[in-house]
Amino acid sequence: MMKTKLTELLAIKYPIIQGAMAWVSESVLTSAVSNAGGAGVIATGGREVSWVGEEIKKTKELTNRPFGVNMMLKDKHIDELIEVICEEKVAFVTMGAGNPIPYFDRLKSAGIKVIPVIPNVKLAKRVEENGADAIVIEGMEAGGHIGVLTTMALMTNIIPRVKIPVIAAGGISDGRGVAAALVMGAAGVQMGSRFLLTTECQAHQKMKDSIIKATDTDSEVTGFSRGHAVRGLRNKFTQEYLEQERSGAVQEILDKLATGTNRLGALVGDIENGSVQVGQSLNVLNEIKSVSEVVEELIEQTKTALNTASVLLVE
Ligand SMILES: Cc1cc2nc3c(=O)[nH]c(=O)nc-3n(C[C@H](O)[C@H](O)[C@H](O)COP(=O)(O)O)c2cc1C
């Protein structure tokens, strides 16, 4: 058991959220993380609203612990999506890629906690003033869509300036990272990459194997110059995209190149032409384990790191 503002807010045992992962985090992974004492999150990007409703129901059958749903705010079905989420009354919603404030009232009046993903101090304060229950700050070490600041800079800049719980994400792949975030004043962490390497994760075996093989400098960011930065493993797709990006290709061509690549990498297992989204803390991602083993190991490592840190204090 650990006690932080996040464990209290969500009534969970450990301050660990499994970040939404498009095409990957569904009922099996989400419920496994919640059953292990953290909180799982269902990703909705690219999915039909009916799929989301079914996955929420399946997750409820697999766990009676709290779990969340992630909404991409630019989703063209956003209103129907919110309707389903409110009807099903999931514990919390994380949301990014757009202005979250207009959606707060509807979700909060259904008893759902709202947790936007925030890229800077200004927005952190604005969502706090408008009633956000917590925020996720996600550094550019993370897998998937990223901003421009690192996790360390975000924690340094934002945590002292808000009162609501702050969840740190990006490059946290072991318990030392969890401990570091807690010492920085975060109320918990959100991790994606670490949960890709679990038996419950539905990502293709080839994606998992390529992550096991990859080390520190093997990820790459596409789309940075256009404000659509995405981190994934360097492969044929990223090379092609970057060549086009550097040679000044119009956005339409880049969008066409990227369309369907997340699904191709994660579900079809085409790790050359598809996108293999993963964060930078790759050297500790060596083994596929069950979610409960991962969570228990993370907590043991966190405790060791926190105890070790206190030993540094001498009179
Ligand atoms: C394969 C993959 C897919 C992701 N998809 C989403 C998504 O759909 N929505 C979202 O808000 N974040 C998404 N993320 C970000 C994660 O939720 C999380 O914040 C991130 O993985 C944290 O960094 P880490 O990978 O270093 O642990 C994705 C990350 C990965 C690795």
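Keep in mind that what you see is a predicted model, and the values were worked out from it rather than measured. Residue positions within a chain follow its written sequence, with the count starting from 1. Owing to the predicted nature of the model, reporting of local features is limited to residues with pLDDT of at least 70; listing and counting of side-chain atom pairs is limited to 80 or more, with chain, interface and lining totals taken over all residues. Note that the side-chain values use all heavy atoms of the structure and ignore hydrogens as well as water.

Caption draft 1: Region of the structure containing the domain arrangement of the chain. As assigned here, the chain comprises domain 1 (5-202) and domain 2 (205-268). Contacts between the two partners involve 18 residues from domain 1 and, on the opposite side, 13 residues from domain 2. Put simply, buried area is how much 1.4 Å-probe accessible surface two parts lose in total, over both of them, once they are put together. Summed over both sides, the interface between domain 1 and domain 2 buries roughly 1200 Å², with carbon and sulfur atoms accounting for 68% of that surface. For domain 1, the biggest contributors to the area lost against domain 2 are W23, I146 and L197; these three give 42% of the whole. Any Lys or Arg side-chain nitrogen located within 4 Å of an Asp or Glu carboxyl oxygen qualifies as a salt bridge. At the boundary of domain 1 and domain 2, one finds zero salt bridges. Polar contact criterion, stated in full: a pair of N or O atoms within 3.5 Å, where within protein one must be able to donate a hydrogen and the other to accept it, and residues adjacent in sequence count only if both atoms are side-chain atoms. Between domain 1 and domain 2 we count six residue pairs in polar contact (both at pLDDT 80 or more) in total. Each domain's extent is set by a domain assignment, obtained either automatically or from a database. Any two residues whose heavy atoms approach within 4.5 Å are treated as being in contact.

Caption draft 2: Structural detail: the sheet that holds strand β7 (residues 144-145). A sheet is described by the order of its strands in space; here three strands give the open sequence β7-β11-β10, paired in antiparallel fashion. In the strand order of this sheet, the two ends are held by β7 and β10 (219-222), each with one partner. In this scheme, strands are said to pair when DSSP sees at least two bridges between them. Where helices and strands are cited, they refer to DSSP runs of H or I of at least four residues and of E of at least two residues respectively, numbered from the N terminus. Pairing of β10 with strand β11 (residues 230-233), which is carried by four bridges, proceeds in the antiparallel orientation. Bridge pairing links E220 to G232 in β11.

Caption draft 3: Representation of the site of the ligand within the structure. Summary of the distance rule: residues count as near a molecule or strand when at least one heavy atom falls within 4 Å of that molecule or strand. Taken together, 18 residues form the shell around the ligand, and within it A20, E138, G171, Q190 and S193 come nearest. At 3.0 Å from a nitrogen atom of the ligand is found a main-chain nitrogen or oxygen belonging to A22. The separation between an oxygen atom of the ligand and a polar side-chain atom of S193 is 2.6 Å. Accessible surface area values rest on a Shrake-Rupley calculation with a 1.4 Å probe, where residue burial reflects the displayed protein chains alone. Here the ligand loses 94% of its free accessible area of 610 Å² to cover by the protein chains. Listing elements by their share of the shell around the ligand, those giving two or more residues are β3 (68-72) and β9 (188-191). When residues are sorted by character, Ala, Val, Leu, Ile, Met, Phe, Trp, Tyr, Cys and Pro go into the nonpolar class, Asp, Glu, Lys and Arg into the charged class, and all the rest, Gly among them, into the polar class. The residue inventory of the shell around the ligand, partitioned by class, reads seven nonpolar, ten polar and one charged.

Caption draft 4: Quick peek at the packing of aromatic side chains. Any two of the Phe, Tyr and Trp rings considered here, Trp counted by its six-membered ring, make a pair once their centres fall within 6.5 Å; the pair's planes then place it as stacked at under 30 degrees, edge-to-face at over 60, or tilted in between. One pass over the structure, following the stated rule, counts one aromatic pair. Consider the rings of F237 and Y241, whose centres lie 5.9 Å apart with planes at 65°: the pair is edge-to-face. Here the residue F237 and the residue Y241 both occupy positions in helix α11 (residues 236-246), the gap between them amounting to four residues, near one helical turn. A residue is classified by how much of its surface remains accessible, and Y241, at 4% relative accessible area, is buried. For every residue, the accessible area obtained with a 1.4 Å probe (protein chains only) is divided by the maximum for its type, and the residue is called buried under 20%, exposed over 50%, and partly exposed between those limits.

Caption draft 5: Local environment of the nonpolar core. We call a set of buried residues a nonpolar core when its members are Ala, Val, Leu, Ile, Met, Phe, Trp, Tyr or Cys and they connect through side-chain atoms within 4.5 Å of each other. Judged by nonpolar contacts, the single largest core of 75 residues is most densely connected at M71, I85, L107, I135 and I211. Looking at which element gives the most residues to this core, the answer is helix α4 (residues 78-88), with six residues. When we break this core down by domain, the ones giving at least three residues each are domain 1 (5-202) and domain 2 (205-268). Within the second largest apolar cluster, 13 residues are counted, among which are I12, V136, I167 and A187.

Caption draft 6: Spatial organisation of the sheet that holds strand β6 (residues 135-138). Read across the sheet, eight strands follow the order β1-β9-β8-β6-β5-β4-β3-β2 without closing on themselves; strand pairing throughout is parallel. Of all the strands in the sheet, the pair left with one neighbour each is β1 (16-18) and β2 (41-43). Going from strand to strand, the sheet's axes swing by 25° on average, the running direction of each strand aside. Pairing geometry for β2 and β3, over three bridges, is parallel. Only the stretch in contact is used when a helix axis is fitted, and all axes are lines through C-alpha atoms; the angle between N-to-C directions ranges over 0 to 180 degrees.

Caption draft 7: Region of the structure containing the packing of helix α2 (residues 27-35) against helix α3 (residues 49-62). Put simply, α2 and α3 touch, their axes get as near as 9 Å, and they point 35° apart. Every pair of crossing elements has a handedness; the one defined by α2 and α3 is right-handed. Contacts from S27, V28, T30, S31 and N35 in α2 reach E55, K58, T59 and L62 in α3. By residue class, the composition of the contact of α2 with α3 is two nonpolar, five polar and two charged. By convention the crossing between two helices is left-handed if the near helix lies anticlockwise of the far one by an angle smaller than a right angle, and right-handed if it lies clockwise.

Caption draft 8: The side chain of S210, seen in detail. Relative to the helices and strands, S210 resides in helix α10 (residues 205-213). S210 sits in the buried class, given a relative accessible area of 13%. At 2.8 Å, the side chain of S210 and the backbone oxygen of M207 are in polar contact. Ignoring any residue separated from it by four or fewer positions in sequence, one finds S210 in contact with L233, I271 and V276.

Caption draft 9: Fine view of the environment of L306. Looking at the element boundaries, L306 is found in helix α14 (residues 291-311). Assessed through its relative accessible area of 30%, L306 is described here as partly exposed. A sequence separation of 143 residues divides L306 from K163, and the C-alpha atoms of the two residues are 23 Å apart. Setting aside residues no more than four positions away along its own chain, L306 makes contact with M2, A179, L182 and V183.

Caption draft 10: Fine view of the pattern of salt bridges. Enumeration over the complete set of coordinates arrives at twelve salt bridges. Here K303 makes a salt bridge to E300, at a shortest N to O gap of 3.9 Å. Here K303 pairs with E300, and both are found in helix α14, just three residues apart, close to one helical turn. Each of K57, K60 and E88 takes part in a single network of salt bridges with overlapping partners.

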